[in-house]
Amino acid sequence: MVVKVDLSHLPLNLKLAILNNQEFSSLPRDDRFDKDVDVVFLDVSQEVKEKVMTMVENILSMSNIEEYSVVENMIDQSEIAVLKSGDIEELGIFICAHCGAPFQNREQMMIHQRMHYIF
Ligand SMILES: [Zn+2]
């Protein structure tokens, strides 16, 4: 299956940390698709997809990055996304990283986000 890994929500340094990771870069890529580094297409099985999620989580925790979560898209299960938890919390607004809907508190947003993703 083709697994789509969406890195577009990540800053460049984190994106590169994942893309340059030896284990991650050794995965079979499906290059029939756009080579846009924001989204990586991998040609892997369901089982390997789960390993990829763990792998990306490990890369993030090795980089001491705690505010990002690796999530699976509930609607399109071949899609994995790395999202920042609570993007602009300083402003007191919580934006759904998937559809951009604004919420006044984290709880409301988390409930809403379950529509898109399994955490
Ligand atoms: Zn949403």
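Residues numbered from 1 in each chain as written. Predicted model: local features only at pLDDT ≥ 70, side-chain atom pairs only at ≥ 80, totals over all residues.

Asks: Got a sec to walk through the overall build of the protein? Specific residues and values, please.
Replies: Helix and strand content of the protein: 4 helices and 7 strands. When the helices and strands of the protein are read in sequence order from the N terminus, they spell out β-α-α-β-α-β-β-β-β-α-β. Relative to its full complement of 119 residues, the protein shows a buried share of 17%. Within the protein, contacts between residues separated by at least 24 positions form 51% of all contacts whose residues are at least 6 apart in sequence. (Helix = DSSP H or I, 4+ residues; strand = E, 2+ residues; numbered from the N terminus. Buried ≥ 20, exposed ≤ 12 C-beta atoms within 10 Å, placed from the backbone. Contact = placed C-beta atoms within 7 Å.)

Asks: Now, about the nonpolar core: what can you tell me, with residues and values included?
Replies: Counting 17 residues, the largest nonpolar core has Val-5, Leu-7, Val-56, Val-82 and Leu-83 as the members making the most contacts within it. Those elements that place two or more of their residues in this core are β1 (2-6), α3 (46-62), β3 (68-73) and β4 (79-84). Sequence-distant contacts of Val-82, that is, excluding residues within four places in its chain, are made with Asp-6, Leu-7, His-9, Leu-10, Val-56, Tyr-68 and Val-70. (Core = buried A, V, L, I, M, F, W, Y, C linked by C-beta atoms within 7 Å.)

Asks: Account for the environment of Val-70, with residues named and values stated.
Replies: Topologically, Val-70 is positioned in strand β3. Along the primary structure Val-70 and Val-82 are separated by 12 residues, whereas in three dimensions their C-alpha atoms are 4.6 Å apart. With sequence-adjacent residues up to four places away left out, Val-70 is seen in contact with Met-53, Val-56, Glu-57, Ile-80 and Val-82.

Asks: Can you break down the environment of Thr-54 residue by residue, with the values?
Replies: By the element assignment, Thr-54 lies in helix α3. Looking at Thr-54, the number of C-beta atoms within 10 Å reads 10, which means it is exposed.

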